[in-house]
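Observations on the model geometry
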Amino acid sequence: MKQYYTQLDLIRFIYRETSAAETIAIAEALNEDPLLMEEYEEIYSGYLQLPKAKFNPRPSALQNILSYSEQTALKPMH
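On a predicted model such as this, the values are computed, not experimentally measured, just so you know. (Residues numbered from 1 in each chain as written. Predicted model: local features only at pLDDT ≥ 70, side-chain atom pairs only at ≥ 80, totals over all residues. Heavy atoms only, no water.)

This brings us to the packing of helix α1 (residues 7–14) against helix α2 (residues 20–32). A packed helix pair is summarised by two numbers, namely the angle formed by the two axes and the spacing between the axes. Packing of α1 against α2 leaves a shortest axis separation of 11 Å and a crossing angle of 115 degrees. Accordingly, the angle class assigned to the pair α1 and α2 is roughly perpendicular. As for how α1 packs across α2, the hand of that crossing is left-handed. For the pair α1 and α2, the contacting residues are D9, L10, R12 and F13 in the first and E22, T23, I26, A27 and L30 in the second. Classifying every residue of the contact of α1 with α2 by side-chain character gives five nonpolar, one polar and three charged. (Axes fitted to C-alpha atoms, helices over the stretch in contact; angles between N-to-C directions. Helix = DSSP H or I, 4+ residues; strand = E, 2+ residues; numbered from the N terminus. Parallel < 35°, antiparallel > 145°, perpendicular 65-115°, else oblique. Left-handed = near helix turned anticlockwise from the far one by under 90°. Contact = heavy atoms within 4.5 Å. Nonpolar A, V, L, I, M, F, W, Y, C, P; charged D, E, K, R; others polar.)

Written as structure tokens, this is what we have:
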């Protein structure tokens, strides 16, 4: 039975949000279906044009996260 993939499936594949089984199946389908490959290349081209987000949080923000983590972490029982 032939599996049909949507644009969302291809986007998830590009962002590596597919399971191992899905990744293998989509990769095989791309090799076998020229129309699907064409659609993938179009979506991938758009993906490459998106600006890449870079996050540089303030040190105080990181410290707040670490402090919260320490306060809410499970304490070992003695």
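Now that the structure is up, let's keep going.
Let's shift gears to the environment of K52. As for its placement among the helices and strands, K52 is situated in the loop between α3 (34–49) and α4 (59–72). Separated by 43 residues in sequence, K52 and D9 have C-alpha atoms that sit 21 Å apart. There is a polar contact of 3.4 Å between the side chain of K52 and the backbone oxygen of Y47. (Polar contact = N/O pair within 3.5 Å; in protein donor to acceptor, adjacent residues only side chain to side chain.)

Here T18 shows up in the loop between α1 and α2. In this structure T18 touches D9, R12, F13, T23 and I26, once residues within four positions along its chain are discounted.

Core analysis: the biggest nonpolar cluster contains ten residues, these being Y5, L10, F13, I14, I26, A29, L30, L36, Y40 and I43. The set of elements that each furnish at least two residues to this core consists of α1, α2 and α3. Setting aside its immediate chain neighbours within four residues, L36 contacts Y5, L10, A29 and L30. (Core = buried A, V, L, I, M, F, W, Y, C linked by side-chain atoms within 4.5 Å. Buried < 20%, exposed > 50% of the residue type's maximum accessible area, 1.4 Å probe, protein only.)

With respect to the helices and strands, the residue D9 is situated in helix α1. The class of D9 is buried, set by a relative accessible area of 17%. There is a polar contact of 2.9 Å between the side chain of D9 and the backbone nitrogen of T6. Those residues in contact with D9 that lie beyond four places of it in its chain are Y4, T18 and I26.

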